[in-house]
Amino acid sequence: MAFDVDRLLRLWTEPLPGGPAAEEAFRAVYTDPVTVNGSALSAADLLARARALQQAFADAQRQVVSVVEDGDRVAVAFRMGGRQVGPLATSAGPLPPTGRHVELRVVDVLTVTGGRISDVWMVADELGALAAVGAVRLVPGP
């Protein structure tokens, strides 16, 4: 299948066009709606998430660690981050800007239908990123 992982990650890390072209960029890669971790998200929802992520990081970087393709499934392990200059949404709540380098380690398992992503199961190591900037700390057990 040769899924274009770089095209996918550019949507999340590089500046997006204004107006309807931004949503169309997402519709070219994702179905609308797409299911993400069991919830249906529209192209507008994805765009809002991407813009928030882009505003969180200056000097955004991405590094693909591994890609495995099997039929209509693609698993992508990657690192994404940069200097955190805006709030970063996490499962533990928003991380206020730290000015420090924050890196997320992410694994996406994608289902591709008709050349576009129709389903995503995503896991990000937010705890590791939060611990690295001192936003959380582990305490010894009893």
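All values derive from a computational prediction rather than experimental measurement.

Peer 1: Describe the overall build of the protein, listing the residues and the values that go with them.
Peer 2: For the protein, the helix and strand inventory stands at 4 helices and 6 strands. Reading the protein from its N end, one meets helices and strands in the order α-α-β-β-α-β-β-β-β-α. Its C-alpha atoms give the protein a radius of gyration of 16 Å, near enough to 14 Å, the size a compact globule of 142 residues would have. Along the longest, intermediate and shortest principal axes, the C-alpha atoms of the protein span 50 × 35 × 25 Å. Out of the 142 residues belonging to the protein, those deemed buried represent 36%. Counted over contacts in the protein with a minimum sequence separation of 6, partners at least 24 positions apart contribute 57%. Here the protein carries 13 positive and 16 negative side-chain charges, and the mean point of each set is 6 Å from the other.

Peer 1: Could you give an account of a nonpolar patch on the surface, with specific residues and numbers?
Peer 2: On the surface, a nonpolar cluster with roughly 260 Å² of combined accessible area is contributed by V107, V109 and W121. Along the polypeptide, V109 turns up in strand β5 (residues 101-113).

Peer 1: Before we move on, can you summarise the packing of helix α2 (residues 20-27) against helix α3 (residues 43-56) with the specific residues and values?
Peer 2: Geometry of a packed helix pair, given as the angle between the helix axes and the separation of the axes. Contact geometry of α2 with α3 gives a least axis separation of 9 Å together with a crossing angle of 105°. The pairing of α2 with α3 is recorded here as roughly perpendicular in orientation. Note on element contacts: α3 touches α2 through A43, A44, L46, L47, A50 and R51, opposite A22, E23, F26 and R27. The class makeup of the residues in the contact of α2 with α3 is 7 nonpolar, no polar and 3 charged.

Peer 1: Go over α3 with me, naming the residues and quoting the values.
Peer 2: Relative to the 20 Å expected for 14 residues at 1.5 Å per residue, α3 spans 20 Å between its end C-alpha atoms, a close match to the ideal helical length. Listed as buried for α3 are A43, L46, L47, A50, L53, Q54 and A56. In this structure, the buried residues of α3 make contact with α1 (5-13), α2, β1 (30-36), β2 (39-41), β3 (57-70) and β4 (73-84).

Peer 1: Could you give an account of the pairing of strand β6 (residues 116-124), with specific residues and numbers?
Peer 2: Relative to β6, β1 runs parallel, the two being bridged by 3 bridges. Its bridge partner being in β6, T35 is matched across the sheet by D119. Count of turn residues in the β5/β6 antiparallel hairpin: 2 residues, of which G114 carries a positive phi of about 60°.

Conventions and cut-offs
- Residues numbered from 1 in each chain as written.
- Predicted model: local features only at pLDDT ≥ 70, side-chain atom pairs only at ≥ 80, totals over all residues.
- Heavy atoms only, no water.
- Helix = DSSP H or I, 4+ residues; strand = E, 2+ residues; numbered from the N terminus.
- Rg over C-alpha atoms; globule rule 2.2 N^0.38 Å.
- Buried < 20%, exposed > 50% of the residue type's maximum accessible area, 1.4 Å probe, protein only.
- Contact = heavy atoms within 4.5 Å.
- Lys, Arg positive; Asp, Glu negative; His and termini not counted.
- Charge placed at Lys NZ, Arg CZ, Asp CG, Glu CD.
- Patch = residues over 30% accessible without salt bridge, like charges linked within 9 Å, V, L, I, M, F, W, Y side chains within 5 Å.
- Areas by Shrake-Rupley, 256 points an atom, 1.4 Å probe, with all protein chains shown as cover.
- Salt bridge = Lys/Arg side-chain N within 4 Å of Asp/Glu carboxyl O.
- Axes fitted to C-alpha atoms, helices over the stretch in contact; angles between N-to-C directions.
- Parallel < 35°, antiparallel > 145°, perpendicular 65-115°, else oblique.
- Nonpolar A, V, L, I, M, F, W, Y, C, P; charged D, E, K, R; others polar.
- Expected span 1.5 Å × (residues − 1).
- Pairing = 2+ DSSP bridges.

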